[in-house]
Amino acid sequence: MSTLLKVVDLKKYFPVRGGMFHRVVAHVKAVDGVSFELEKGRTLGLVGESGCGKSTLGRAVLRLHEPTSGQIILNGDDLMTLNREALTAHRRQMQIIFQDPYASLSPRRTVAQTIQEPLDVHKIGTPREREKKVEELLDVVGLRKQVLSRYPHEFSGGQRQRIGIARSLALNPNFIVADEPVSALDVSVQSQVLNLIARLQREHGISFLFISHDLAVIQHVSDDVGVMYLGRLVELASADDLYRKPRHPYTKALMSAIPVPDPKKKSKRIILGGDVPSPMNPPPGCPFHTRCPDAMPRCKEAVPPRINVGSEDQPHFVDCHLFADESAT
Amino acid sequence: MRLNPLTARKLRRFREIKRGYYSFILLVTLTVLSLFAELLINDKPLIISYDGQLTFPTYSAVRLGVDFGLGGDAANVPVDYRDLQRRFREADNGDFVVMPLVPYNPYENSEVDGIIRSTGPNMERQHYLGTDTTGRDILARLFYGFRTAILFSIAFTVLTYLIGIALGCMMGYFGGIFDLLFQRIIEIWSNIPFLYMVIIVFSVIPATFSIPTRITILLVIMVLFSWTFMTYYMRTETYREKARDYALAARVLGASTPRIIFRHILPNTISTVVTFIPFTVVAAITAITALDFLGWGLPPPTPSIGELLKQGTANLTTAPWIVTSAFVALVLILTLVTFIGEAIREAFDPKKFTIYR
């Protein structure tokens, strides 16, 4: 397996301005040094509670939010070093599926115009070929040809999400950021869209960065899972491994919140005290130490290193001092 | 071209609001008619039949009396067609003159018994609303004044919206220093008193400038000091639309900035701008009338409602018909436009037709 996307120490700080003359008084550290790799044709799920920086990470990877620092290496090219034109050319490879299907389609454009736009922008094919491509894409996402001349407001949420997916597929990308693509949909429609995404991945070999706060959805679609807390990736492992044996205290707390469909089985819930600290002023050391049930004095001082508690070919990374002695040999 | 079904629905709703719709039809009819005012209210006839030959002098050059067999004093001066009509009628040899509905132009001073003075409405002499203090036909002046006012306010609206929308959209889209700079410039600019500027400019420009030039200068000054209000609205709208997912989606696709602005942001912001237009037209008509009333508006002898109002108030007791006609005409025009504005606002009510869910 070859690596498609490699993100190294990505940071996105939003400046907070205030006082006289609009000075920068602080930064919201939405993404604070995230590194991961994504292989071809695989899905990396990102979970975390709201405000932890999942969506910002997804958009920073696409340079929709200009990252503060770090490297984004897609197919060997560092996106951060590209100028405008080169970036536009690279945009053909990477796309995004948005959370809110009501906001992601321009209300004044027909379905045909919306899906065809990527082809128009990159001047692909003749007008006739573009029309044909649009019809193919509709077929791929399971919509009828009759919808072409209609407007977004005439569709349900699930149908709109399909239109959005068709648009992101138009350029045959090999990497798609799916930013909570099903959170705004009904549960019955969620599974349809998830199956569609799974099928696309099988048939086209697209890599997904799948962002969600829904642990069940993440488990269903992901090959690997990353857990985010306060702008950092605290645990990164294969989905099976992570769900079977979560290591980081935060991941354990998250997992204990998954409802178990068995009334007799009493699962032990780990209730976290306190609130998420402000990303404007994150605690020193491990960002989780203020709420961690296993916090040690060391956690307040040193940022935990990334430790591989799995094997060489089945890595399981944890950013936690608890496993400092356990690192794989 | 196929309309967006939402737009089609808004238009249908506008047609259902009868008061606004009929006002719209009436105003459009009046405006179109006023473009052909020369055929309706003029001292030149529509058709002359002389010696079996037809002439249509409305838009032609000045004709002299000799052309129509007039001798004596009338031979080498421009033809008085009303007089010609009378002569042809008396001669009764098949020649005839068809005059427009009101056979006076808005500039000529018609005298009664050799004295130029204001006369009341007179059907026989075809001064249907009477004449003003210098003997000019009031109906003619009102109609030509209406034409000037409506064309002026349409030009004014188009220009202010063009500048306001373009700048406001740029401020909202580019943000940052550009936005900050222009906000401050606009704040300073919009605090310059516009009336003083008009007075100063018109006391400086030489009287030799032709009337169309002077009207253009007035238009430019008014536009220069009025475009700012539109930027506030467009700026915030653009800020909002720019952050919506569909605009982001266009950026991910690699769409260029002009493409995002013209294909995505403008179509989604501009539909609400439409509701402001009638009220801007009302404001423009009121402004130009007020300026005329004060004597700083359209240069004389351009016919205008404000100028008639001024004459009317000065001669309230001796010639009440002047102020009555001017007042009724002004109220009528403003009411029509306001009705249209209300109907458009109602038809475009975002609560009824939200484009998001």
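Structure shown above.
Structure report, in brief. (Residues numbered from 1 in each chain as written. Chains lettered and ligands numbered in written order. Predicted model: local features only at pLDDT ≥ 70, side-chain atom pairs only at ≥ 80, totals over all residues.)

Turning our attention to the overall build of chain B. For chain B, the count of helices and strands is 14 helices and three strands. Its C-alpha atoms give chain B a radius of gyration of 26 Å, clearly above 21 Å, the size a compact globule of 357 residues would have. Expressed as lengths along the three principal axes of its C-alpha atoms, the size of chain B is roughly 85 × 45 × 35 Å. The buried share of chain B, taken over its 357 residues, is 36%. (Helix = DSSP H or I, 4+ residues; strand = E, 2+ residues; numbered from the N terminus. Rg over C-alpha atoms; globule rule 2.2 N^0.38 Å. Buried ≥ 20, exposed ≤ 12 C-beta atoms within 10 Å, placed from the backbone.)

What follows deals with the overall build of chain A. For chain A, the helix and strand inventory stands at 10 helices and 12 strands. Taken over the C-alpha trace, chain A has a radius of gyration of 21 Å; the compact-globule value for 329 residues is 20 Å, and the two agree within 12%. Buried positions account for 43% of the 329 residues belonging to chain A.

This part covers the sheet that holds strand 5 (residues 77–78) of chain A. Two strands in a sheet stick together by hydrogen bonds in their backbones, pointing the same way (parallel) or opposite ways (antiparallel). All names here are of chain A. If you trace the four strands from one edge of the open sheet to the other, you get 2-1-4-5, paired in antiparallel fashion. On the outer flanks of this sheet lie strand 2 (23–39) and strand 5, each paired with one strand and no other. Relative to strand 4 (residues 69–74), strand 1 (residues 3–18) runs antiparallel, the two sharing five bridges. Of the residues in strand 4, the one forming a bridge with lysine 6 is isoleucine 73. Packed on one face of the sheet, helix 1 (residues 54–61) meets strand 1, strand 2 and strand 4 and runs near 75° to strand 2. (Pairing = 2+ DSSP bridges. Contact = placed C-beta atoms within 7 Å. Axes fitted to C-alpha atoms, helices over the stretch in contact; angles between N-to-C directions.)

Helices that pack against each other are described as a pair by the angle of their axes relative to one another and the distance between those axes. Residues and elements named next belong to chain B. Contact pair helix 9 (residues 228–242) / helix 11 (residues 257–273): the axes reach a minimum separation of 10 Å and the direction vectors enclose 130°. Relative to helix 11, the element helix 9 is oriented oblique. Where helix 9 crosses over helix 11, the two elements pack in a sense that is right-handed. In this structure, helix 9 contributes Met234, Glu237, Thr238, Glu241 and Lys242 to the contact, and helix 11 contributes Ile265, Asn268 and Thr269. Within the contact of helix 9 with helix 11, the residues separate by chemical class into two nonpolar, three polar and three charged. (Parallel < 35°, antiparallel > 145°, perpendicular 65-115°, else oblique. Left-handed = near helix turned anticlockwise from the far one by under 90°. Nonpolar A, V, L, I, M, F, W, Y, C, P; charged D, E, K, R; others polar.)

Moving on to the interface of chain A and chain B. Residue-level contacts link 22 residues of chain A with 21 residues of chain B. Of all the elements, helix 3 (residues 111–121) of chain A adds the most residues to the side of chain A that touches chain B, at three residues.

Residues and elements named next belong to chain A. Close contact between helix 3 and helix 4 (residues 127–141) brings their axes to 10 Å; oriented N to C, the two are set at 115°. You can see that helix 3 and helix 4 cross each other, and the crossing is right-handed. Residues Ala112, Ile115, Gln116 and Leu119 of helix 3 pack against Arg130, Lys133, Val134 and Leu137 of helix 4. Taken together, the residues of the contact of helix 3 with helix 4 break down into five nonpolar, one polar and two charged.

To continue, consider the sheet that holds strand 10 (residues 232–238) of chain A. Residue and element names in this part refer to chain A. Spatially, the eight strands line up as an open sheet ordered 6-7-8-3-9-10-12-11, and their pairing is mixed. Of all the strands in the sheet, just strand 6 (94–97) and strand 11 (306–308) have a single pairing partner and so form its edges. Sheet twist, expressed as the mean angle between neighbouring strand axes with direction ignored, is 20°. Direction of pairing for strand 3 (residues 43–47) relative to strand 9 (residues 224–229): parallel, over a ladder of four bridges. Residue pairing in the sheet places leucine 46 in a bridge with glycine 226 of strand 9. Here helix 1 sits on the sheet and contacts strand 3, strand 7 (175–179), strand 8 (207–211) and strand 9; the angle it forms with strand 8, its principal contact strand, is near 150°. Packing against the sheet, helix 5 (residues 157–169) makes contact with strand 6 and strand 7, and its axis sits at approximately 175° to strand 6.

For the rest of this paragraph, the subject is the pairing of strand 10 of chain A. Residue and element names in this part refer to chain A. Most of strand 10 sits out of view: six of its seven residues are buried. Inspection of the sheet shows strand 9 paired to strand 10 by six bridges, in the antiparallel sense. Residue pairing across strands places methionine 228 opposite leucine 233, the latter belonging to strand 10. Where strand 10 meets strand 12 (residues 316–319), three bridges bridge the pair, whose relative direction is antiparallel. In the sheet register, alanine 237 faces strand 12, and the bridge partner there is histidine 316.

All names here are of chain A. Backbone geometry at asparagine 172 places phi at a positive 50°, although glycine is not the residue there. With respect to the helices, strands and loops of the structure, asparagine 172 is situated in the loop between helix 5 and strand 7. Positioned with a positive phi, leucine 230 is a non-glycine residue whose angle comes to about 55°. By the secondary structure assignment, leucine 230 is in the loop between strand 9 and strand 10.

Once that is clear, we can look at the environment of A:His122. Locating A:His122 in the fold gives a position in the loop between helix 3 and helix 4. A tally of 17 C-beta atoms within 10 Å means that A:His122 is categorised as partly exposed. A C-alpha to C-alpha distance of 22 Å links A:His122 and A:Ile73, two positions 49 residues apart in sequence. Among all residues touching A:His122, those that are not within four sequence positions of it are A:Arg92, A:Leu171 and B:Gly254.

The next subject is the pairing of strand 1 (residues 47–50) of chain B. All names here are of chain B. One ladder, built from three bridges, connects strand 1 with strand 3 (residues 96–98); its direction is antiparallel. Across the sheet, the residue bridging to isoleucine 48 is valine 97, located in strand 3. As defined by bridge partners, strand 1 adjoins strand 2 (residues 53–55) across three bridges and the pair is classed as antiparallel. The residue bridging tyrosine 50 from the neighbouring strand is glutamine 53, located in strand 2. Taking the residues that link successive antiparallel strands as the turn, the strand 1-strand 2 hairpin has two residues, and the phi of aspartate 51 there is positive, at about 55°.

None of this, on its own, says anything about what the molecule does.
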